[in-house]
Amino acid sequence: SLIWLNTGWDSFGNLAEDVAGPKDLVHGLLWAALAAFVVYVLCTFQALCDDAAGWQDGYLSLAYRRLWAPLGIWVCVSAALSNSLLYSS
């Protein structure tokens with residue numbers, strides 16, 4: 001959901017001291033925002049390309065496996081990591 005996409009952006013100012021300069025911070029922020037946008041657009045279009053009747057548990061992994069086989073595994077690994085970190089934070 002979009003809520004989880006925006007979770008980390010509120011603490012982005014804490015990184016200001018760790019970058020070389022203000023332009024680098026803005027540049028990195030823009031690249032990260034673009035990457036997040038592209039990932040969300042890819043997810044949406046890939047899910048919409050299939051018939052909604054075919055959706056079931058684990059569908060996102062199957063959809064990305066059709067694009068490129070290793071993506072299915074990475075989706076499962078990242079989902080497991082994300083879910084486990086939600087409970088530990």
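Above this text you will find the structure in question.
Here the residue numbering is sequential within each chain, running from 1 through the sequence in written order. Confidence filtering applies because this is a predicted model: local features only for residues at pLDDT of at least 70, side-chain atom pairs given and counted only at 80 or more, and all residues used for totals across whole chains, interfaces and linings. The side-chain values count all of the structure's non-hydrogen atoms but skip hydrogen atoms and water molecules.

**Student:** Just give me the short version of the overall build of the protein chain, but keep the residues and values in it.
**Tutor:** For the purposes of this entry, the term helix denotes a DSSP run of H or I that reaches at least four residues, the term strand denotes a run of E that reaches at least two, and both are numbered from the N terminus. A count of helical and extended segments in the protein chain gives 4 helices and 0 strands. Secondary structure elements of the protein chain occur, N-terminal to C-terminal, as α-α-α-α. For the protein chain, the proportion of its 89 residues judged to be buried stands at 13%. Sequence separation of 24 or more characterises 22% of the internal contacts of the protein chain that already satisfy a separation of 6 or more. Think of it in three bands: with a 1.4 Å probe and only protein chains considered, a residue is buried below 20% of the maximum accessible area for its type, exposed above 50%, and partly exposed in between. Contacts are assigned to residue pairs with any non-hydrogen atoms lying within 4.5 Å of each other.

**Student:** Would you mind going over helix α2 (residues 22-49) in detail, with residue names and values included?
**Tutor:** Taking 1.5 Å of rise per residue, the 28 residues of α2 would be expected to cover 40 Å, and the 41 Å separating its terminal C-alpha atoms lies within 8% of that figure. Within the span of α2, buried status applies to Leu25, Ala36, Gln46 and Ala47. Every helix has an expected span of 1.5 Å times one less than the residues it contains.

**Student:** Let's hear about a nonpolar patch on the surface: which residues, and what values?
**Tutor:** A cluster of nonpolar residues, Trp31, Leu34, Phe37, Val38 and Leu42, forms a patch on the protein surface that exposes about 530 Å² of accessible area. Tracing the sequence through the fold places Leu42 in helix α2. A relative accessible area of 46% places Leu42 in the partly exposed class. In this scheme, patches are assembled from residues that exceed 30% relative accessible area and form no salt bridge. Like charges are connected within 9 Å, while nonpolar side chains (Val, Leu, Ile, Met, Phe, Trp, Tyr) are connected within 5 Å. For every accessible area listed, the method is Shrake-Rupley and the probe measures 1.4 Å; residues are considered covered only by the protein chains on display. A carboxyl oxygen of Asp or Glu within 4 Å of a side-chain nitrogen of Lys or Arg is what we treat as a salt bridge.

**Student:** How would you explain the environment of Leu60 if you had to name every residue and give the values?
**Tutor:** Along the chain, Leu60 falls in helix α3 (residues 59-67). Leu60 gets classed as partly exposed once you look at its relative accessible area, which sits at 38%. For Leu60 and Leu71, which are 11 residues apart along the polypeptide, the C-alpha to C-alpha distance reads 9.9 Å.

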